[in-house]
Amino acid sequence: MQGVFPTENAPRSIEELVELLRTDSKVKVAGIDVDGVLRGKFMSKEKFLSAAASNGFGFCSVIFGWDIHDQIYSRELLISNKSNGYRDVIASIDLSTYRRIPWEGNVPFFLVSFFDPDTKEPLCACPRNTLRKAIKKAEVKGWDCFAGVEYEYFQFNETPNTLAEKKFMNLQPLTSGMHGYSLLRTQLNNDYFQDLFDEALKFGIPIEGHHTETGPGVYETALAYTYASRMADNASLFKYLAKSVGMKRGVVPSFMAKPWGNLPGCSGHIHVSMRDESGKNIFGVSDTELTNGGRARAKYNDLSYVSQECEWFLGGVLDGVTDVMPMLVPTINGYKRLVGGEAYWAPNAVTYGYDSRAASIRIIAPPSVPPAATRLEVRITGADMNAYFALSAIFLLGLRGIEKQLEPGPPLSHFCPEDRENGKIRMLSTSLEGATQEMMKPGSIAREEAVFGNDFVEHYGGTREHEVKLWNEAVTNWEVERYLELA
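What this report covers is the structure whose coordinates are included nearby.

Scoring rules and cut-offs
Residues numbered from 1 in each chain as written. Predicted model: local features only at pLDDT ≥ 70, side-chain atom pairs only at ≥ 80, totals over all residues. Heavy atoms only, no water. Axes fitted to C-alpha atoms, helices over the stretch in contact; angles between N-to-C directions. Helix = DSSP H or I, 4+ residues; strand = E, 2+ residues; numbered from the N terminus. Parallel < 35°, antiparallel > 145°, perpendicular 65-115°, else oblique. Contact = heavy atoms within 4.5 Å. Nonpolar A, V, L, I, M, F, W, Y, C, P; charged D, E, K, R; others polar. Phe/Tyr/Trp six-rings, centres within 6.5 Å; stacked < 30°, edge-to-face > 60°. Lys NZ or Arg CZ within 6 Å of the ring centre and 35° of its normal. Left-handed = near helix turned anticlockwise from the far one by under 90°. Patch = residues over 30% accessible without salt bridge, like charges linked within 9 Å, V, L, I, M, F, W, Y side chains within 5 Å. Areas by Shrake-Rupley, 256 points an atom, 1.4 Å probe, with all protein chains shown as cover. Salt bridge = Lys/Arg side-chain N within 4 Å of Asp/Glu carboxyl O.

**What to know about the packing of helix α6 (residues 228–249) against helix α11 (residues 387–404)**
Phase 1 of the analysis: Two elements in contact, α6 and α11, have axes whose closest approach is 9 Å; the angle formed by their N-to-C orientations is 150°. The pairing of α6 with α11 is recorded here as roughly antiparallel in orientation. Residues A228, M231, A232, D233, A235 and S236 of α6 touch α11, and the partners they reach there are A387, Y388, L391 and F395.
Phase 2 of the analysis: Of the residues in the contact of α6 with α11, the class split is eight nonpolar, one polar and one charged.

**Concerning the packing of aromatic side chains**
Phase 1 of the analysis: Enumeration over the complete set of coordinates arrives at 29 aromatic pairs.
Phase 2 of the analysis: Members of the aromatic cluster, joined through ring pairs, are Y151, Y153, Y192, F193, Y219, F238 and F255.
Phase 3 of the analysis: Over the ring of F42 we find K26, and its NZ or CZ is 5.5 Å from the ring centre.
Phase 4 of the analysis: Seen from the ring of F42, K28 lies directly overhead, with NZ or CZ sitting 4.7 Å from the centre.

**So, the packing of helix α8 (residues 308–320) against α11**
Phase 1 of the analysis: At a closest axis distance of 6 Å, the pairing of α8 and α11 adopts a crossing angle of 120°. As the angle between them shows, α8 and α11 are arranged oblique. The element α8 and its partner α11 pack so that their crossing is right-handed. Listed contacts from α11 to E309, W312, F313, G316, V317, D319 and G320 of α8 are I394, F395, L397, G398, L399, R400, G401 and I402.
Phase 2 of the analysis: Looking at the contact of α8 with α11 residue by residue, the classes come out as eight nonpolar, four polar and three charged.

**Side note on a nonpolar patch on the surface**
Phase 1 of the analysis: Where nonpolar side chains cluster on the molecular surface, the patch consists of V475, V480 and L484 and spans about 310 Å² of accessible area.
Phase 2 of the analysis: The residue V480 is located in helix α15 (residues 477–483) in this model.

See below:
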């Protein structure tokens, strides 16, 4: 089993690390907070090597005690609070994540995971730890988790300063018009467009596809399929890369899920599968089943070319998805993307279907791909997701489905529009408030220790309640324009 997939030239020992950093004077390190934001710093080489040779180094726990804008949470939460003085947690350096940052003079870079200073146990809300929990569950069965992430994101001809000066209004898209898969539109900003691909490759983030998507200044970038742990790292670091490259080119890329009300939102589709110790995709049918027209005991045609394990995995995701929505769609704005539903290529119900982009989960299997490429595409997530939490949710629910042998029920093709109104199809939450209430209710699947557990749900749920509180207290431009004069 190889749950951790090291980057190229990652050191395997302290001795190799010392040699690797022989000509360097400093190292950059970063961990990930619950909003998916990289929180890090430079360290002297000497201090870094000392920390790498021990249990790690102290890192202020306040990154788990404040929000995306460094505002302390509305109520005291588990990890970092006034009662414990916002004490340090332990940041453990993951040597397998080594890479160099090409746009920062090739400075060496490593990711860290966070641990409790007293128990030395993984912090429940550390995104890298939650994914590791899912990966370990798969490893017990002899399986490796694999994933791919596709980002859609807007580009603005702005800088952080002009965003503030304009109060985030009347922003200038990098290009105008709706031009999906355009070879022409990229020529207007060719250096920036190509830098995203080329710098990503240098940064250890291979890209499978990179093109314009429909919408003013929208790109789509598909990250190369790999081990789930590596994919989550790559997905998080690609946002850092895009924003860094953008700063150098006078461009602000945005992974906000729905910047414009009248345009499609920005998806963050996730592809998943698992492989056994021989490298065989356990979601795929056997050669015999492929030759014979599919799996004999498949209840629906949409499931004919996926394995029994894949069917149960799918059943697990569908069974628990409404209880883990904040891990898939973590922001207030993310639900605006889902509200539009099919009109804007976003799912809003608990559905699946073979090669269906109208469903929440799209089955990709023969005959459109070989059995080795069989996978599930989760289309609920937006570009604003925290990839670690999203992948954790998918794999934890899927593995639960396999353990409980959960059936997915009929596919989308068996329903009609009226089934949404009469409750035959379960709908996804339409707000972060509703999604958080579902997650935090007693008996929520998210609360099961084999899934996320109570500690995680209480802490992360508190952070989402904080987001909701700030939103409920805000007065928006829409409200002022609608009511100020006529109310």
